[in-house]
Amino acid sequence: MAGRLAGKRAFVTGAGQGIGRAIVLAFAEEGAEVVAASRTAEKMRDLREASSSIMPVGLDVTDGLATARAIADAGRIDILVNCAGWVHNGTILDCSGEDWTRSFDQNVTSCFHTIRATLPGMIERGSGSIVNVASVASSITGVPNRAAYGASKAAVIGLTKAVARDVVRTGVRVNVLCPGTTHSPSLETRIAATADPAATRRAFIERQPIGRLGKVEEMAAAVLYLAGDESAFTTGSVIVVDGGQTL
């Protein structure tokens, strides 16, 4: 039986680990050809072994020219998922100009580059799905020590809605996933870097009234829905998957 994404080609950024990697694997399992992009190519060495339909590419999505070339080389793209991102930890007073710029370059401007490169082909074909991964730490809610991150992810939501409105009659849909705190290698690295990792882990878990961290597979399932034809009537939507954090 053919998968839900059979015959489609996807381009996924931030594919080296965490939610991005889970999305790549879920898409491949559902029959898509997947171009898996990550700045750290060694993180993707085993993705090709996981499925012959996964094509890893090394890419710094903050480089607009390199991103345009990679997308052109990928050929027809039916699904674009922007999952590359960076978390700055701190208040606005802890955030340097360089931290602020990096937050926006990696979390927002990267989406600008990929959407600009992908959208013309989608419009020409009259179909396509773009899914941007933001966060509940954004315009949805304030989270302590996430000033630059929250501002940049709010911008991702704004960009999503603006592009969705611009292309609403073209057959191209644009949606945004806002995860709550999700267990991932990135989160583990941030926990380990704190003075009291056990206390930090408890604090992260306690954010969610449901009583646990999210799973990358749960986030990938939401993106799979938004990417596929089942969500053909859904565009400009903000899908929150956060274990009740923002109830």
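Residues numbered from 1 in each chain as written. Predicted model: local features only at pLDDT ≥ 70, side-chain atom pairs only at ≥ 80, totals over all residues. Heavy atoms only, no water.

Student: Pulling in residues and values, what's your account of the overall build of the chain?
Tutor: When you go through the chain residue by residue, the secondary structure sums to eight helices and seven strands. Its C-alpha atoms give the chain a radius of gyration of 17 Å, near enough to 18 Å, the size a compact globule of 247 residues would have. For the chain, the spread of C-alpha atoms along the three principal axes comes to 50 × 35 × 35 Å. Put simply, the chain has 247 residues, and 49% of those count as buried. Total accessible area computed for the chain in this model is approximately 11500 Å², and 53% of it derives from carbon and sulfur atoms. Side chains of the chain carry 25 positive and 24 negative charges; the gap between the two charge centres is 3 Å. (Helix = DSSP H or I, 4+ residues; strand = E, 2+ residues; numbered from the N terminus. Rg over C-alpha atoms; globule rule 2.2 N^0.38 Å. Buried < 20%, exposed > 50% of the residue type's maximum accessible area, 1.4 Å probe, protein only. Areas by Shrake-Rupley, 256 points an atom, 1.4 Å probe, with all protein chains shown as cover. Lys, Arg positive; Asp, Glu negative; His and termini not counted. Charge placed at Lys NZ, Arg CZ, Asp CG, Glu CD.)

Student: Tell me about the sheet that holds strand E5 (residues 128-133), and name the residues and values.
Tutor: Read from one edge to the other, the open sheet built from seven strands follows the order E3-E2-E1-E4-E5-E6-E7, with strand pairing classed as parallel. Of all strands in the sheet, those with a lone pairing partner are strand E3 (54-58) and strand E7 (238-241), marking the two edges. Strand-to-strand twist across the sheet, computed as the mean angle between neighbouring axes with direction ignored, equals 15°. In terms of strand pairing, strand E2 (residues 33-38) meets E3 through five bridges, oriented parallel. Looking at E3, one finds that valine 34 is bridged to isoleucine 54. (Pairing = 2+ DSSP bridges. Axes fitted to C-alpha atoms, helices over the stretch in contact; angles between N-to-C directions.)

Student: So what's going on with helix H3 (residues 64-74)? Residues and values would help.
Tutor: Where H3 is concerned, the buried positions are Ala66, Thr67, Ala70, Ile71 and Ala74. Mapping the buried residues of H3 onto a view down its axis gives an arc of 130°, with all of them on the same face. Residues Leu65, Arg69, Ala72 and Asp73 are exposed on H3 and point more than 90 degrees away from its buried face. For H3, the side-chain oxygen to backbone nitrogen distance between the N-cap and leucine 65 is 3.2 Å, and the N-cap itself is aspartate 63. Where H3 ends, the next residue or the one after it, glycine 75, has phi of about 80°, a positive value. (Arc of directions from axis to C-beta. Polar contact = N/O pair within 3.5 Å; in protein donor to acceptor, adjacent residues only side chain to side chain.)

Student: Let's hear about the nonpolar core: which residues, and what values?
Tutor: If you look at soluble globular proteins, the nonpolar side chains tend to sit buried side by side. Formed by 31 residues in total, the largest nonpolar core has its most connected members in Val12, Ile23, Val24, Phe27, Val34 and Val81. Counting residues per element, this core draws most heavily on helix H8 (residues 216-227), which supplies eight residues. In this view, phenylalanine 27 contacts Leu5, Ala10, Val12, Ala32, Val34, Ile79, Val81, Val223, Leu224 and Ala227; residues no more than four positions away in its chain are not counted. Formed by 22 residues, the second largest nonpolar core is a distinct cluster that contains Phe11, Leu59, Met122 and Val172. (Core = buried A, V, L, I, M, F, W, Y, C linked by side-chain atoms within 4.5 Å. Contact = heavy atoms within 4.5 Å.)

Student: Give a detailed account of the packing of H3 against helix H4 (residues 97-125), specifying residues and quantitative values.
Tutor: In contact at an axis separation of 9 Å, H3 and H4 are set at 35° when each is read in the N-to-C sense. The handedness of the crossing between H3 and H4 is right-handed. Along its contact with H3, which presents Gly64, Thr67, Ala68 and Ile71, the element H4 presents His113, Thr114, Ala117 and Thr118. Considered class by class, the residues forming the contact of H3 with H4 number three nonpolar, five polar and no charged. (Left-handed = near helix turned anticlockwise from the far one by under 90°. Nonpolar A, V, L, I, M, F, W, Y, C, P; charged D, E, K, R; others polar.)

Student: How would you summarise H8 if you had to cite specific residues and measurements?
Tutor: Relative to the 16 Å expected for twelve residues at 1.5 Å per residue, H8 spans 16 Å between its end C-alpha atoms, a close match to the ideal helical length. In the core, the buried residues of H8 are packed alongside helix H1 (18-29), strand E4 (79-82), E5, strand E6 (172-179) and E7. (Expected span 1.5 Å × (residues − 1).)

Student: So what's going on with the packing of aromatic side chains? Which residues, and what values?
Tutor: Under the defined criterion, the tally for this structure stands at one aromatic pair. Ring geometry for tryptophan 100 and phenylalanine 104: centres 4.9 Å apart, planes at 35°, overall tilted. Residue tryptophan 100 and its partner phenylalanine 104 are both found in helix H4; the two are separated by four residues, about one turn of the helix. With relative accessibility at 37%, the residue tryptophan 100 sits in the partly exposed group. (Phe/Tyr/Trp six-rings, centres within 6.5 Å; stacked < 30°, edge-to-face > 60°.)

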